[in-house]
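Survey of secondary and tertiary structure
Spelled out from the first residue to the last, the chains are:
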Amino acid sequence: MDSATLEEQGEEGMDTITDVPQSQEEVPVATKKSRIPPFFVSPKGDWRQLVALAKLIAPSFQSQMSGRFLKVTVADDVDYRALSKWLESSGVEFKSFMLKQDRPVKVVIRGLPSNTEPEDIKTEIEAEGFKVLKISQMKNYRTKAPMPLFYLIIENGADAPKIYDFTELFGTRIEVKPFDRGNKVNQCWRCQGWFHSSEVCHLPPRCVKCAGPHAAKDCTLEFEAPMKCANCSGAHAANWSRCPKHPNNSKRKNQNKNKNGPKPNNNLDKKNNVNNKQPAQAPRPDISKARKVSPNLDYSKVVQNKIPKEHVSPPSTSKSELRPAPSKDASINAGLLKDLLEVIEESPSIDKQTFCRVFKNSLSALRSASADVDKTYVIFEAYCRLRSLQA
């Protein structure tokens, strides 16, 4: 709007412009683009010609190897539908996944008696405008007894979510919940592979019982004949949960390996030992002067204190080796000195005058001793010399 127009409108024109709130301006909302599932094609025969023709059907065609399959991706659902229809009509072996908008709605109805006929439930549900693709009564895994739970597959559409609004059926209160597979892995009943369904699987069929190139309903294997797994060739059915090739069992093996931890790298440890040199260990104590075992020494002589001289260890020349370490507790050191003096005083065979003379000779050593335990040791040495003189 230019200045001439504003002059013609006057104040009313200015009010109109200034009264427009900024919050009413439209902001573009980014819509989340749905993910298009890939195709997994078996590259058999002249696969280069197959790729060239597929690019004509789906211009956004891109491919790369993924395991033993050729992984094909397209940009939108239009190319997906066109390519899926062409691959199926051409007899190409492939598997894929359903588009999100084409996936059926799987629900479980609970609240009805276990003897209710599934066909009666199907009739009531279809009377409300829903198309039931499949209905079955769920059974106990161990006893195979029918449970009051009914499994329904309904065609997807704009009104499909309204199935959860059902609260009453046959005059009885019910509850409709989404089907929860839990931790079970989806397995295709056509090729016996995992992580995809049979609705979009066009791989060669394999029997769940004998691994033959036919469906399970066409199998002629006798009941007592040994089975063969289509995945590991073991003597069991292909849908056995303990199959070595089952994804859950593979995860458990990887978890056990992680628990044990990675293998040590010896080369790395050697480098770390060179860079981080540990301090030298302390020298071992000298036990050369310890008493050795004498096989010719009689135990009775040891008890009677009649040990021959050749078996007696020579006395140590170092006095400091026999001297105990001083304690930090002064009461303990003083107690040792007191106990020693009491022992000397109570000894009847010691001449007091001789002990005083010997004690007098040890006064110089007592003056040089600083700790009580050292003083006790000096007095004990004098006491031992006195005993040796009187012996």
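Structure's up top.
What this report covers is the structure whose coordinates are included nearby. (Residues numbered from 1 in each chain as written. Predicted model: local features only at pLDDT ≥ 70, side-chain atom pairs only at ≥ 80, totals over all residues. Heavy atoms only, no water.)

**Here's the deal with the pattern of salt bridges**
As enumerated under the stated definition, the model contains 4 salt bridges in all. We note a salt bridge from Asp102 to Arg81, for which the minimum N-O separation is 2.7 Å. Of the two residues, Asp102 sits in the loop between β4 (94-96) and β5 (105-110) while Arg81 sits in helix α3 (residues 77-89), which places them 21 residues apart along the sequence. Exposure remark for Asp102: the relative accessible area of 31% places this residue in the partly exposed category. Across the salt bridge formed by Lys162 and Asp159, the nearest N and O atoms sit 3.7 Å from each other. (Salt bridge = Lys/Arg side-chain N within 4 Å of Asp/Glu carboxyl O. Helix = DSSP H or I, 4+ residues; strand = E, 2+ residues; numbered from the N terminus. Buried < 20%, exposed > 50% of the residue type's maximum accessible area, 1.4 Å probe, protein only.)

**Points about the environment of Glu128**
One can find Glu128 in the loop between α4 (118-127) and β6 (132-139). Taking the C-alpha atoms as reference points, Glu128 and Ile163, separated by 35 residues in sequence, lie 9.3 Å from one another.

**Looking at the packing of aromatic side chains**
Enumeration according to the criterion identifies 6 aromatic pairs in this entry. Each residue in the set Phe39, Tyr80 and Phe94 is aromatic and connected to the rest through ring pairs, giving one cluster. Lying across the ring of Phe40, Lys95 places its NZ or CZ 5.7 Å from the centre. The ring of Tyr141 carries Lys144 above its face, with NZ or CZ at 5.4 Å from the centroid. (Phe/Tyr/Trp six-rings, centres within 6.5 Å; stacked < 30°, edge-to-face > 60°. Lys NZ or Arg CZ within 6 Å of the ring centre and 35° of its normal.)

**So, the side chain of Asn249**
Examined against the element boundaries, Asn249 turns out to sit in helix α5 (residues 247-260). Its relative accessible area of 12% is what places Asn249 among the buried residues. A distance of 3.1 Å separates a polar side-chain atom of Asn249 from the backbone oxygen of Ser241. Non-local contacts of Asn249, meaning those with residues more than four positions away in its chain, are made with Ser241, Arg242, Cys243 and Pro244. (Polar contact = N/O pair within 3.5 Å; in protein donor to acceptor, adjacent residues only side chain to side chain. Contact = heavy atoms within 4.5 Å.)

**Quick look at the pairing of strand β7 (residues 146-154)**
Relative to β7, β5 is paired through 6 bridges, and the arrangement is antiparallel. Within β7, the residue paired with Val105 across the bridge is Ile154. Where β6 meets β7, 6 bridges bridge the pair, whose relative direction is antiparallel. By the bridge assignment, Lys139 is partnered in β7 with Pro146. In this structure, the hairpin formed by β6 and β7 is closed by a connection of 6 residues, where Lys144 is found at a positive phi of approximately 60°. (Pairing = 2+ DSSP bridges.)

**Structural notes on the nonpolar core**
In terms of nonpolar packing, the biggest core is built from 19 residues, with Phe39, Val41, Tyr80, Leu83 and Leu87 touching the most fellow members. Broken down by secondary-structure element, the contributors of at least two residues to this core are β1 (39-41), α2 (47-57), β3 (69-73) and α3. A per-element tally of this core places α3 first, with 4 residues. Apart from the residues within four sequence positions on either side, Leu87 is in contact with Phe39, Val41, Leu50, Val92 and Phe94. Membership of the second largest hydrophobic core comes to 18 residues, among which are Ile109, Leu112, Phe166 and Leu169. (Core = buried A, V, L, I, M, F, W, Y, C linked by side-chain atoms within 4.5 Å.)

**Let's talk about unusual backbone geometry**
One non-glycine residue, Lys144, lies in the positive phi region at around 60°. Mapping Lys144 onto the fold places it in the loop between β6 and β7. One non-glycine residue, Phe195, lies in the positive phi region at around 70°. Positionally, Phe195 belongs in the loop between β10 (175-178) and α5.

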